[in-house]
Amino acid sequence: MSTSTRTSEVEKQNPGQLNSVQLNVVTLVNMGRAAATGSLKDSMYMMDNSVGGTGQGTHQLETVCKQGQVLNWIIRPVDMEKRPDGTWPPMPKISSLVFLDTERGDEEDVIERKICTELKIYGMPDRMRDPFTPVYYYWAGTILSTTRSGVYRYRLVVELEQDGKKEKLYLNTVEHPSIRVLAV
């Protein structure tokens, strides 16, 4: 399917939706499985509120966005409830988010040009947790208005707290999610 056909279908689905100022890309991590296997494969599930994206609920999400749009990458564990012993489950955090140079055929090389503004890490400290306040980490960035339309794959490096251990586990996404940038 051509990009123009796909764009037309997106516009027909929900006119005006792509004018939304921000999009959220939510990643849920099964912390126990990721720590046990040392991998995010089959431990990470992604969803977004874009129109026309594919791969909802998988680790190969494609988020449809437009030039100048703000993206919030939110990450949290599947298990968010306080435990009976009064402790909280381990938390995931996006340590790094880099766009990959797929034009040269090597999906592990970082793209040389900027796709979005410098991303920033945000989050709440654990001491602020309570039954009524969700706690999670997120990164935010704006797609540059000069970014060419097209598909851009990216890699997440996720920092995982581990039960009973001080050291953190750092895992890379194995199969890369992507954004599909539409021209304004």
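Cut-offs and rules
Residues numbered from 1 in each chain as written. Predicted model: local features only at pLDDT ≥ 70, side-chain atom pairs only at ≥ 80, totals over all residues. Heavy atoms only, no water. Salt bridge = Lys/Arg side-chain N within 4 Å of Asp/Glu carboxyl O. Helix = DSSP H or I, 4+ residues; strand = E, 2+ residues; numbered from the N terminus. Buried < 20%, exposed > 50% of the residue type's maximum accessible area, 1.4 Å probe, protein only. Phe/Tyr/Trp six-rings, centres within 6.5 Å; stacked < 30°, edge-to-face > 60°.

A. Representation of the pattern of salt bridges. If you walk through the whole model with that rule in mind, you get three salt bridges. Arg 180 serves as the salt-bridge partner of Glu 62, at 2.9 Å between the closest nitrogen and oxygen. With Glu 62 in strand β3 (residues 62–66) and Arg 180 in strand β10 (residues 178–182), this pair connects stretches of sequence that are 118 residues apart. Just as Glu 62 is buried, Arg 180 falls in that class too.

B. View of unusual backbone geometry. The phi angle at Asp 42 is positive, at roughly 65°, despite the residue not being glycine. The exposure class of Asp 42 is partly exposed, given its relative accessible area of 46%.

C. Structural detail: the packing of aromatic side chains. The tally for this structure, following the rule as stated, stands at two aromatic pairs. The interplanar angle of 75° and the centroid separation of 5.6 Å between the aromatic rings of Trp 73 and Tyr 154 together place this pair among those described as edge-to-face. Within this pair, whereas Trp 73 is found in strand β4 (residues 70–77), its partner Tyr 154 is found in strand β8 (residues 150–162), the two being separated by 81 residues in sequence. Since its relative accessible area comes to 1%, Trp 73 is described here as buried. Residue Tyr 154 is classed as buried on the basis of its relative accessible area, which comes to 0%. Among the aromatic residues, ring-to-ring pairing joins Trp 73, Phe 99 and Tyr 154 into one connected group.

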